[in-house]
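Coordinate inspection notes
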Amino acid sequence: MTNNWVDIKNANLILVQGGNPAEAHPVGFRWAIEAKKNGAKIIVVDPRFNRTASVADLHAPIRSGTDIAFFLGVIRYLLETNQIQHEYVKHYTNASFLIDEGFKFEDGLFVGFDEEKRSYDKSKWNYQFDENGFAKRDMTLQDPRCVINILKDHVSRYTPEMVERITGVKQKTFLHICEEIGKTSAPNKTMTHLYALGLTEHTIGTQNIRSIAMIQLLLGNMGMPGGGINALRGHSNVQGTTDMGLLPTSLPGYMRLPNDKDTSYEQYINAITPKDIVPNQVNYYRNTSKFFVSLMKTFYGDKATKENGWGFDFLPKSDRLYDPITHVKLMNDGKLNGWILQGFNVLNSLPNKNKTVAGMSKLKFLVIMDPLQTESSEFWKNFGESNNVNSAEIQTEVFRLPTTCFAEEDGSIANSGRWAQWHWKGCDQPGEALPDAEILSMIREEMHHLYQEDLKKGVQPKGLESFEAMTWDYAQPHSPSSEELAKELNGYALADIYDPNGNLIYKKGQLLNGFAHLRDDGTTSAGNWIYVGQWTEKGNQMANRDNSDPSGLGCTLGWGFAWPANRRVLYSRASLDINGNPWDKHRQLIKWNGKNWNWLDVADYGTQPPGSDTAPFIMSAEGVGRLFAVDKITSGPMPEHYEPIESPIDANPLHPKVSSDPTIRIYKEDREFIGSNKDFPYVATTYRLTEHFHSWTAQSALNIIAQPQQFVEIGEKLAAEKGIQKGDMVKITSRRGYIKAVAVVTKRLKDLEIDGRTVHHVGLPIHWNMKALNGKGNRGFSTNTLTPSWGESVTQTPEYKTFLVNIEKAEA
């Protein structure tokens, strides 16, 4: 979230696309209702008429997987009708930057595509540079190589006619939505965009988010109260897991894990630290070495020295992406022998359940850490008729380690809005259950003992040096406390720290107040640089519970801690013009006080006075928001509509030769699991329900009573065609397998006209695990029996939200 839940009340327009907050976030959705009370409009673009749509001003049905065509159609409309925030776009985006003469886009491909590697050489996806190495700009925006002009050309194909042809959204409805969006280009109006997994769980997920970010930049809504783009996290601490580097190639604080091409600390830091490409910009990521060295001092303490690259030499160097989908592949290939699942019920969470079961059946050992007895801990049982498993042939030894749940331990949760909030233990855990940290610490102790036994036998264990270098300085090494871990993440002064004027700011051993004080000389530690300030010498800032709001805009600095630096609205300097005047005086959170910009929020702009050349997007090397992405996005510097791998139409209307994103991550063996629209003619999409919390509540009697059984939503027209009536048991089949469910015949799903043919959607909730409390809650079936394993090239997220199925009445 660039903003936060409470800030939603400040919006004039709320666009919900890729989420259903009234259903999945019913407590937070109160702020959208507050905005509506204040005169805001709510527009929902979704394949289903859902609970959010029921309180919206407009619902537009859209074909699942076609959001980019919709968004780029909006961008075309805004540019052609001149409904953009001109001064904002000119000064705060890269609209004026000149792009390399070699850049082009033709027939569905950006320049640099290597068909054999299925990836791009991105060298031409860059700016033109002058003799000093700075990016060239044309502030008149007349040069044809300006980003804004390249973008205009790129989106020119996304006419209302083409948008309707691809998405199914009627032109009249689409243009009405464009008009409402265009109104928020006025400096005193804002739109906020709410999304969740409905945008991310696609093979073009990252570009979905890029598209809406570009719209918000053109409208001048980034950095504005009531603006921004807000990802609605589906589970508590989902934000915290990505913050803490639980993605397969990440370190805490969104730093890249070294790979096998990183030969030294110096080479690695040089590779991940952006260079200044515009003079006089903050480019705050130039401090990456300070973040990294402080992290290494947390990991390895005194063992992290300049001689070993501050611990760089101890870190693993990944030679490939080891995400869970890759784990399943390696299991099936016989190349992964053991798996630890910590709070992860893969049998209900990963796509293509039958492939996952087949892989788990080839393991030598499986460790399950979970408060509940999950399907994954009993994967060998025959959950569902389509899961053909012979348990007698499975060698996998399963160890089940019961853990505590959040209510049985103290700790913090970092959730939507980037808010870290402390919670206190409500009760003791039952039986043999232990906190995760304690279980992992005990495993570490036993591993250390086994290493020592090997050494006594004359065996030099691989990895022993880095294992023993790791610090474990807790009062009880077998049981680190939540308080110790939180302080460790915050970071300490490892020596007396002085400011540039020689004034002592920290004594050795004191907790740090902010990440600006981190050093790359080994004198500071921080387990996660974005969390510095969460627990200071003043105490636990996450436990703050002052909800006073002097701004009247929902900026409650005394409630919890929001990373980074307790900032509530990111890039808030963009809410003022270059001279420091607010675009809207009623939405002002920061102002210049002669020294800095702090006022009602913690500014992110430093001490640059009004009128300086420094631009507000301080985390980019240019200081501006990117309408054209010059690095990191592997699938293209601008979004482009690509069809899902399983598409209900035969070709992409924009470029038939390149139908799907050519950079998609798909393993060779997964190609046999691709279904055709001839055999599987209907588009399926998945979603959540208020009455269940994913699959965990299937062991709660009240939740089972509220929603007792798996169902599938079917439109009335499709039901009539198939002879299905409400309450019928139906069989839903994809190329991966089948499930059975109760048919809910509904007006909430409408057929759409797509490229000359009628396309039907079916809706599948993802709840009810396969061993429900009442023994029959899902009759052994999981929705993820149907979903595909392929994913997008940036995050590797599988395409849960759009795939093809067939549906028919089940035999009695």
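What comes next concerns the included structure. (Residues numbered from 1 in each chain as written. Predicted model: local features only at pLDDT ≥ 70, side-chain atom pairs only at ≥ 80, totals over all residues. Heavy atoms only, no water.)

**Describing the overall build of the chain**
Per the secondary structure count, the chain includes 20 helices and 29 strands. In terms of overall dimensions, the chain is globule-like: its C-alpha atoms have a radius of gyration of 27 Å, near the 28 Å expected for 812 residues. The dimensions of the chain, computed from C-alpha atoms along their principal axes, are 80 × 75 × 55 Å. With 812 residues in all, the chain has 57% of them scored as buried. Taking contacts inside the chain between residues at least 6 apart in sequence as the whole, the part at least 24 apart equals 70%. Averaged over its 88 positive side-chain charges, the chain has a centre that lies 3 Å from the centre of its 95 negative ones. (Helix = DSSP H or I, 4+ residues; strand = E, 2+ residues; numbered from the N terminus. Rg over C-alpha atoms; globule rule 2.2 N^0.38 Å. Buried < 20%, exposed > 50% of the residue type's maximum accessible area, 1.4 Å probe, protein only. Contact = heavy atoms within 4.5 Å. Lys, Arg positive; Asp, Glu negative; His and termini not counted. Charge placed at Lys NZ, Arg CZ, Asp CG, Glu CD.)

**A word on the pattern of salt bridges**
Under the counting rule described, the total for this entry stands at 33 salt bridges. Note that Asp333 is salt-bridged to Lys329, the shortest N-O span being 3.1 Å. When salt bridges that share partners are traced, they join Glu23, Arg51 and Glu691 into one network. (Salt bridge = Lys/Arg side-chain N within 4 Å of Asp/Glu carboxyl O.)

**Brief notes about the side chain of His692**
Looking at where His692 falls in the secondary structure, it is placed in the loop between β22 (682-687) and α19 (701-706). One polar contact links the side chain of His692 to the main-chain carbonyl oxygen of Asn703, over a distance of 3.4 Å. Among the polar contacts listed, one links the side chain of His692 to the side chain of Trp768, at a separation of 3.2 Å. (Polar contact = N/O pair within 3.5 Å; in protein donor to acceptor, adjacent residues only side chain to side chain.)

**Section: the packing of aromatic side chains**
Following the criterion strictly, the structure yields 35 aromatic pairs and no others. Members of the aromatic cluster, joined through ring pairs, are Phe103, Phe105, Phe110, Phe113, Tyr120, Trp125 and Phe628. A cation over an aromatic ring shows up here: Arg48 above the ring of Tyr687, its NZ or CZ 3.6 Å from the ring centre. Cation over ring: Arg573 sits above Trp597, and NZ or CZ is 4.5 Å from the ring centre. (Phe/Tyr/Trp six-rings, centres within 6.5 Å; stacked < 30°, edge-to-face > 60°. Lys NZ or Arg CZ within 6 Å of the ring centre and 35° of its normal.)

**Observations regarding unusual backbone geometry**
Cis geometry is found at the peptide bond from Trp563 to Pro564, where omega equals -5°. In this structure, Pro564 sits in the loop between β21 (561-562) and β22. The phi angle at Asn82 is positive, at roughly 65°, despite the residue not being glycine. Mapping Asn82 onto the fold places it in the loop between α3 (67-80) and α4 (86-92). Of note, the phi angle at Tyr254 is positive, near 65°, even though the residue is not glycine. In this fold, Tyr254 is placed in the loop between β10 (250-251) and β11 (255-256). Judged by its relative accessible area of 35%, Tyr254 falls in the partly exposed class.

**A look at the nonpolar core**
Phe70, Ile75, Phe103, Ile181, Ile215 and Leu627 are the most contacted members of the largest nonpolar core, which totals 80 residues. Counting residues per element, this core draws most heavily on α3, which supplies 10 residues. With near-sequence residues (within four places) excluded, Ile181 lies in contact with Leu13, Leu15, Val74, Leu78, Met191, Ile215 and Leu219. Core analysis: the next-biggest nonpolar cluster, separate from the first, contains 52 residues, Leu257, Tyr265, Leu295 and Tyr300 among them. (Core = buried A, V, L, I, M, F, W, Y, C linked by side-chain atoms within 4.5 Å.)

**A short note on the environment of Ala743**
Tracing the sequence through the fold places Ala743 in strand β25 (residues 737-746). Not counting residues up to four positions away in its chain, the partners in contact with Ala743 are Val712, Ile714, Ile724, Gln725, Lys726, Gly727, Asp728 and Val730.

**Considerations on the packing of α3 against helix α5 (residues 147-155)**
Between α3 and α5, whose axes approach to 9 Å, the crossing angle comes to 120°. Accordingly, the angle class assigned to the pair α3 and α5 is oblique. Between α3 and α5 the crossing geometry is left-handed. Of the residues in α5, those in contact with Leu72, Ile75, Arg76 and Leu79 of α3 are Ile148, Leu151, Lys152, His154 and Val155. (Axes fitted to C-alpha atoms, helices over the stretch in contact; angles between N-to-C directions. Parallel < 35°, antiparallel > 145°, perpendicular 65-115°, else oblique. Left-handed = near helix turned anticlockwise from the far one by under 90°.)

**Here we look at helix α13 (residues 324-332)**
For α13, a buried count of seven out of nine residues is recorded, marking the element as mostly surrounded by other parts of the structure. In this structure, the buried residues of α13 make contact with β12 (338-342) and α15 (353-360). Gly334 occupies a position one or two residues after α13 and carries a positive phi of about 75°.

**Let's talk about the sheet that holds strand β2 (residues 41-45)**
With parallel pairing, five strands are arranged side by side in an open sheet as β3-β2-β1-β8-β9. With partners counted over all chains shown, the strands left at the sheet margins are β3 (58-60) and β9 (229-231), one partner each. With direction set aside, neighbouring strand axes in the sheet form an average angle of 20°. Where strand β1 (residues 13-17) meets strand β8 (residues 191-195), four bridges bridge the pair, whose relative direction is parallel. Pairing of Ile14 across the sheet is with Thr192, part of β8. (Pairing = 2+ DSSP bridges.)

**Looking at the sheet that holds strand β23 (residues 711-715)**
If you walk around this closed barrel you meet the six strands as β22-β28-β23-β25-β24-β29, and the pairing is mixed. Taking each pair of neighbouring strands and ignoring which way they run, the sheet shows an average axis angle of 45°. Two strands pair when backbone bridges link them, and β22 and strand β29 (residues 803-809) are joined in this way by three bridges, in the antiparallel orientation. Directly across from Val683, in β29, lies its bridge partner Leu804.

**Notes on the environment of Leu752**
Along the chain, Leu752 turns up in strand β26 (residues 752-754). Residue class for Leu752 comes out buried when judged on its relative accessible area of 7%. Taking the C-alpha atoms as reference points, Leu752 and Ala420, separated by 332 residues in sequence, lie 42 Å from one another. In contact with Leu752, not counting residues within four places along its chain, are Pro61, Ile62, Arg63, Thr167, Gly168, Arg757, Thr758, Val759 and His761.

**With respect to helix α9 (residues 205-219)**
Helix length check: α9 (15 residues) gives 22 Å between terminal C-alpha atoms against 21 Å at 1.5 Å per residue, within 8%. Of all 15 residues in α9, 15 are buried, a share of seventy percent or more. Where α9 ends, the next residue or the one after it, Gly220, has phi of about 75°, a positive value. (Expected span 1.5 Å × (residues − 1).)

**Concerning the pairing of β2**
With four of five residues buried, β2 lies mostly within the body of the structure. Relative to β2, β1 runs parallel, the two being bridged by five bridges. Looking at the pairing, Leu15 lines up with Ile43 of β2. Across three bridges, β2 lies against β3 in parallel orientation. When the bridges of β3 are listed, Val44 appears paired with His59.

**A look at the environment of Ile649**
Tracing the sequence through the fold places Ile649 in the loop between β21 and β22. As a C-alpha pair, Ile649 and Glu393 span 256 residues in sequence and 42 Å in three-dimensional space. Those residues in contact with Ile649 that lie beyond four places of it in its chain are Arg63, Glu643, Asn677, Ile754, Asp755 and Arg757.

**Some details on a nonpolar patch on the surface**
On the surface, a cluster of nonpolar side chains totalling about 250 Å² of accessible area is made up of Leu372, Phe693 and Trp696. Mapped onto the secondary structure, Phe693 falls in the loop between β22 and α19. Taking relative accessible area as the criterion, Phe693 reaches 36% and is therefore assigned partly exposed. (Patch = residues over 30% accessible without salt bridge, like charges linked within 9 Å, V, L, I, M, F, W, Y side chains within 5 Å. Areas by Shrake-Rupley, 256 points an atom, 1.4 Å probe, with all protein chains shown as cover.)

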